[in-house]
Amino acid sequence: MVTDPGQNNSRGGSFDLADVSVTYATETAIAGVTMHVSPCAVTALIGPSGCGKSTLLRCLNRMNDEISNAVVGGSITLDGRDIYAKDMDPVELRTRVGQVFQKPNPFPMTIYDNVAYGPRTQGIRRRAELDAVVEKSLVRAALWGEVKKDLKKHAFELSGGQQQRLCIARALATQPEVILMDEPASSLDPISTQQIEDTIAELKSLVTIVIVTHNMQQAARISDQTAFMLRESMEEPAKLIEMGETRVMFTNPADKRTEAYITGRFG
């Protein structure tokens with residue numbers, strides 16, 4: 001039996017961060033970040049360029065492990081389990097916590113093989129089972145109707161927006177609890193951006209989504225909670241200034257620095 005991608009709410013998808021820091025060699029990039037990421041909701045990370053948003057995002061699936069001089073401090077748990085514990089396999093973690101990057105990065109293969117890649121690495125070989133996973137993942141990513149008749153088409157033949165939705169489908173195919181998105185619509189036209197936002201709105205009842213965005217209107221439209229990060233000087237690490245329900249953050253922020261950023265007075 002094939003499990004519907006995303007139908008795994010029982011596994012949670014809740015992050016808790018306590019006093020998280022990231023240091024590269026002798027430079028501390030972020031420090032003192034404590035926050036709760038709610039399951040099956042959209043959390044937006046906002047702030048000026050260089051304030052540590054993407055650095056923090058990479059902590060959530062241990063992508064900083066790939067940087068030789070990066071040291072992550074503090075505690076990060078996923079559904080109560082320490083993701084930096086010695087018995088946590090980073091490959092297993094990245095299956096549970098998928099990622100969609102700023103620029104679409106489909107694999108150089110067909111649409112079908114892009115989506116089937118992850119399930120195949122998990123040991124799924126039966127064609128009927130793979131077909132079901134591919135279809136359901138593409139449906140979830142709002143791409144099925146556009147490509148269902150031509151799944152053998154090379155992924156590079158798709159438009160930029162379609163490629164990004166294909167990357168979302170590829171992430172969904174491994175049935176993650178969480179999907180991390182690093183400015184997924186920044187390189188797309190307005191119509192494709194709207195399609196990505198609509199897809200996120202559909203997905204948030206199924207998986208936890210954490211998105212980095214510079215677009216304040218986008219954060220206000222699609223997120224349930226927002227975290228504002230800021231690096232006040234090059235001599236200081238970036239910090240979490242404020243986090244809360246998006247509606248409240250955008251109408252009545254608690255910190256004057258948050259209000260100044262949201263209203264465009266700096267950043």
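Worth saying up front: this structure is predicted, and the values here are computed from it rather than measured.

Examining helix H6 (residues 160-172)
Okay, so step 1: Between its first and last C-alpha atoms H6 spans 19 Å; for 13 residues at 1.5 Å apiece the expected length is 18 Å, and the two agree.
Okay, so step 2: Along H6, 12 of the 13 residues are buried, which leaves the element largely enclosed by surrounding structure.
Okay, so step 3: Within the sequence span of H6, burial applies to Gly161, Gln162, Gln163, Gln164, Arg165, Leu166, Cys167, Ile168, Ala169, Arg170, Ala171 and Leu172.

Topic: the pairing of strand E3 (residues 42-46)
Okay, so step 1: Across the 5 residues that make up E3, a large majority, 5, are buried.
Okay, so step 2: Both faces of E3 are covered, namely the face carrying Val42, Ala44 and Ile46 and the face carrying Thr43 and Leu45.
Okay, so step 3: Bridge analysis of E3 against strand E8 (residues 208-212) gives 4 bridges, and the strand direction is parallel. Bridge assignment links leucine 45 to a residue of E8, and that residue is valine 212.

Brief notes about the nonpolar core
Okay, so step 1: In terms of nonpolar packing, the biggest core is built from 46 residues, with Ile46, Leu138, Leu166, Ile168, Met181 and Ile200 touching the most fellow members.
Okay, so step 2: For isoleucine 200, the residues in contact, after removing those within four places along its chain, are Val42, Met181, Ile209, Ile211 and Ile222.
Okay, so step 3: In terms of nonpolar packing, the next biggest core, distinct from the first, is built from 31 residues, Leu45, Leu60, Ala227 and Leu240 among them.

Section: the environment of glutamate 236
Okay, so step 1: The residue glutamate 236 is located in the loop between strand E9 (225-230) and strand E10 (239-245) in this model.
Okay, so step 2: Glutamate 236 gets classed as partly exposed once you look at its relative accessible area, which sits at 33%.
Okay, so step 3: For the pair glutamate 236 and glycine 123, spaced 113 residues apart in the sequence, the C-alpha separation amounts to 47 Å.

Details of the layout of surface pockets
Okay, so step 1: Of the volumes computed, that of the largest pocket is approximately 540 Å³.
Okay, so step 2: If you trace the largest pocket, you find 19 residues lining it, with Arg94, Gly98, Phe107, Arg170 and Thr174 closest to the centre.
Okay, so step 3: Those elements that place two or more of their residues in the lining of the largest pocket are helix H2 (90-96), strand E6 (97-100), helix H3 (111-121) and H6.
Okay, so step 4: Broken down by class, the residue content of the lining of the largest pocket amounts to 8 nonpolar, 9 polar and 2 charged.

Describing the pattern of salt bridges
Close approach of charged atoms allows side chains of opposite charge to pair.
Okay, so step 1: In the structure shown here, the tally under the stated rule is 15 salt bridges.
Okay, so step 2: Across the pair arginine 257 and aspartate 255 runs a salt bridge, and its minimum N-O distance is 2.9 Å.
Okay, so step 3: By sharing partners, the salt bridges in this structure join Asp79, Arg96 and Glu177 into a single network.

What to know about the packing of aromatic side chains
Okay, so step 1: Scanning the model with the defined rule gives 2 aromatic pairs in all.
Okay, so step 2: Relative to tyrosine 117, the ring of phenylalanine 107 lies with its centre 4.9 Å away and its plane at 65 degrees, an arrangement referred to as edge-to-face. Here tyrosine 117 lies in helix H3 and phenylalanine 107 lies in the loop between E6 and H3, a separation of 10 residues in the sequence.
Okay, so step 3: The interplanar angle of 25 degrees and the centroid separation of 5.2 Å between the aromatic rings of phenylalanine 228 and tyrosine 261 together place this pair among those described as stacked. Remark: tyrosine 261 occurs in helix H10 (residues 256-262) and phenylalanine 228 occurs in strand E9; sequence separation between them is 33 residues.
Okay, so step 4: One Lys or Arg, arginine 127, reaches over the ring of tyrosine 112 and ends 4.3 Å from the middle of that ring.
Okay, so step 5: Taking the ring centre of phenylalanine 107 as reference, the NZ or CZ of arginine 170 above it sits at 4.0 Å.

Section: the packing of H3 against H6
Okay, so step 1: Where H3 meets H6, the axes come as close as 7 Å, and the angle between the chain directions of the two elements is 30 degrees. Comparing the axis directions of H3 and H6 gives the class roughly parallel. For the element pair H3 and H6, the recorded crossing hand is right-handed. Here Ile111, Asn114 and Val115 of H3 lie close against H6, whose contacting residues are Leu166, Ala169 and Arg170.
Okay, so step 2: Split by residue class, the contact of H3 with H6 holds 4 nonpolar, 1 polar and 1 charged.

Structural notes on helix H7 (residues 190-203)
Okay, so step 1: Taking 1.5 Å as the rise per residue, H7 with 14 residues should run 20 Å; its terminal C-alpha atoms sit 20 Å apart, in good agreement.
Okay, so step 2: Along H7, the positions that sit buried rather than exposed are Ser192, Thr193, Ile196, Glu197, Thr199, Ile200 and Leu203. Taken down its axis, H7 places every buried residue within 155 degrees of arc, on the same side. Among the exposed residues of H7, those oriented more than 90 degrees off its buried face are Pro190, Ile191 and Glu202.
Okay, so step 3: In the core, the buried residues of H7 are packed alongside E3, helix H4 (127-140), H6, strand E7 (178-182), E8 and helix H8 (216-222).
Okay, so step 4: Its side-chain oxygen placed 3.0 Å from the backbone nitrogen of isoleucine 191, aspartate 189 serves as the N-cap of H7.

What counts as what
- Residues numbered from 1 in each chain as written.
- Predicted model: local features only at pLDDT ≥ 70, side-chain atom pairs only at ≥ 80, totals over all residues.
- Heavy atoms only, no water.
- Helix = DSSP H or I, 4+ residues; strand = E, 2+ residues; numbered from the N terminus.
- Expected span 1.5 Å × (residues − 1).
- Buried < 20%, exposed > 50% of the residue type's maximum accessible area, 1.4 Å probe, protein only.
- Pairing = 2+ DSSP bridges.
- Core = buried A, V, L, I, M, F, W, Y, C linked by side-chain atoms within 4.5 Å.
- Contact = heavy atoms within 4.5 Å.
- 1 Å grid on protein atoms, 1.4 Å probe; cavity = no way out; pocket = protein on both sides within 12 Å on 5 of 7 lines; lining within 4 Å.
- Points joined across faces, edges and corners; volume = space filled by probe spheres on them.
- Nonpolar A, V, L, I, M, F, W, Y, C, P; charged D, E, K, R; others polar.
- Salt bridge = Lys/Arg side-chain N within 4 Å of Asp/Glu carboxyl O.
- Phe/Tyr/Trp six-rings, centres within 6.5 Å; stacked < 30°, edge-to-face > 60°.
- Lys NZ or Arg CZ within 6 Å of the ring centre and 35° of its normal.
- Axes fitted to C-alpha atoms, helices over the stretch in contact; angles between N-to-C directions.
- Parallel < 35°, antiparallel > 145°, perpendicular 65-115°, else oblique.
- Left-handed = near helix turned anticlockwise from the far one by under 90°.
- Arc of directions from axis to C-beta.
- Polar contact = N/O pair within 3.5 Å; in protein donor to acceptor, adjacent residues only side chain to side chain.

Keep in mind these values describe shape, not function.
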